Amino acid sequence: MSRVAALLRRDLARLLLGGRGGGALLPVLFFLSVAMLYPFAVGPDAPLLARTGGGVIWVAALLAAILPLDRLVEPDIEQGLFDQWALRGISEELVIAVRVAAHWLSFGPPLMLAALPAAALLGLDGRTVRTVEIGLLAGTPGLAALGVTVAALTSGLRGGAALAGLLVIPMAIPVLIFGAGSLGTGGDSGLALTAAASLVLIAIAPFAGGAAVRAARG
């Protein structure tokens, strides 16, 4: 447990502070910028904003989750940290699992908080805001797992960060569909499907990401 706690503290400090990458503040600012600009794009049509605003929040959450992909895995491979962890008996799967948790903690809860002013900008009612928040709680861990997995798969490739972003978007469509669908006729079933898709991604991430890191190290 001490190793896991040490890894989690390190990853959180790096992702939350971020240095030149902007840390956790950049995804939140991006998320709020999308919410602010969308009403200008569609005009002052309150019913339209209320009807489509929840889906816009989901799209903004997905794009915000993509922003730190270049800092998730590749820098540690380049610095030889995975080699050092392997020598200490820490498996790549464990490192990736902790990285998924740290990635989610660095953007998931902040986005859920930022969704409240975003919902006000988009004119969402209380019931829709509640569904959005529960959906983000269920779906953002899956987005985090997907982001870390794809970052590991594209590490070492030229233009890996851009490629990772392009890969995450289509692969995240099921989570996006179920999450945004829960705002319409999906209701509780949509939220359940969002959570199920998220759990599948979380279960796959340590093994797929660990195998990709071993291949990149080799």
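Calculation criteria
- All residue numbers refer to positions counted from 1 along the written sequence of the respective chain.
- Selection of residues for local features in this predicted model requires a pLDDT of at least 70, selection of side-chain atom pairs for listing and counting requires 80 or more, and totals for whole chains, interfaces and linings are taken over all residues.
- Think of the side-chain values as coming from all heavy atoms in the structure, minus any hydrogens and water.
- Every helix listed is a DSSP run of H or I at least four residues long, and every strand listed is a run of E at least two residues long, numbered separately from the N terminus.
- A radius of gyration in this sense is built from C-alpha atoms; the matching globule rule multiplies 2.2 Å by the number of residues raised to 0.38.
- The rule is simple: take the accessible area with a 1.4 Å probe, protein chains only, and divide by the maximum for that residue type; under 20% is buried, over 50% is exposed, in between is partly exposed.
- Only heavy atoms matter for contacts: two residues are in contact if any of them lie within 4.5 Å across the pair.
- To measure how exposed things are, a 1.4 Å probe is used in the Shrake-Rupley method; for residues, cover is taken only from the protein chains shown.
- Counting rule applied: Lys, Arg positive; Asp, Glu negative; His and chain ends not counted.
- A charged residue contributes its charge at one atom only: NZ of Lys, CZ of Arg, CG of Asp or CD of Glu.
- Nonpolar core, defined: a set of buried Ala, Val, Leu, Ile, Met, Phe, Trp, Tyr and Cys residues in which side-chain atoms within 4.5 Å join the residues together.
- Any two rings among Phe, Tyr and Trp, with Trp reduced to its six-membered ring, count as a pair given centres within 6.5 Å; such a pair is stacked if its planes are under 30 degrees apart, edge-to-face if over 60, and tilted if neither.
- Expected span, for any helix, means 1.5 Å times one less than how many residues it has.
- Here, patches come from residues exposed beyond 30% relative accessible area and free of salt bridges, joined within 9 Å for like charges and within 5 Å for nonpolar side chains (Val, Leu, Ile, Met, Phe, Trp, Tyr).
- We count a salt bridge whenever a side-chain nitrogen from Lys or Arg sits within 4 Å of a carboxyl oxygen from Asp or Glu.

In this section: the overall build of the protein chain. From N to C terminus, the protein chain includes nine helices and zero strands. The secondary structure elements of the protein chain, listed N-terminal to C-terminal, are α-α-α-α-α-α-α-α-α. On C-alpha atoms alone, the protein chain measures out to a radius of gyration of 18 Å, which is about the 17 Å that the 2.2 N^0.38 rule sets for 218 residues. Each principal axis of the C-alpha distribution contributes one length, and for the protein chain these read about 60 × 35 × 30 Å. Relative to its full complement of 218 residues, the protein chain shows a buried share of 47%. For the protein chain, long-range pairs separated by at least 24 residues make up 81% of all intrachain contacts whose partners lie at least 6 apart in sequence. A total accessible area of about 10,200 Å² is found for the protein chain, and carbon and sulfur atoms account for 71% of it. Between the mean site of the 14 positive side-chain charges and the mean site of the 12 negative ones, the protein chain shows a separation of 5 Å.

Moving on, we get to the nonpolar core. Counting residues in hydrophobic clusters, the biggest one holds 59 residues, and the most contacted among them are F31, I57, V73 and L136. When residues of this core are traced back to their parent elements, those giving at least two are helix 1 (2-17), helix 2 (25-42), helix 3 (46-66), helix 5 (81-87), helix 6 (92-122), helix 7 (126-154), helix 8 (160-171) and helix 9 (173-217). Here this core takes 14 residues from helix 6, the largest share from any one element. Once residues within four sequence positions are removed from consideration, L136 is found in contact with I57, W58, A61, M112, A115 and P141.

Another point: the side chain of D11. Secondary-structure assignment places D11 in helix 1. For D11, the contacting residues outside a window of four places in its chain are V98, R99 and A102.

Right, let's talk about the packing of aromatic side chains for a bit. Taken as a whole and assessed by the stated rule, the structure comprises one aromatic pair. Relative to W85, the ring of F82 has its centre 5.3 Å away and its plane inclined at 90°; by these criteria the two rings are edge-to-face. Here F82 pairs with W85, and both are found in helix 5, just three residues apart, close to one helical turn. On the basis of relative accessibility, which here comes to 7%, the residue W85 falls in the buried class.

Its 16 residues give helix 1 an end-to-end C-alpha distance of 22 Å, which sits within 8% of 22 Å, the value for a rise of 1.5 Å per residue. Elements that come into contact with the buried residues of helix 1 comprise helix 5 and helix 6.

There is a patch of nonpolar side chains on the surface, built from L157, L163, L167 and M171 and spanning about 320 Å² of accessible area. On the secondary structure map, L167 appears in helix 8. Assessed through its relative accessible area of 34%, L167 is described here as partly exposed.

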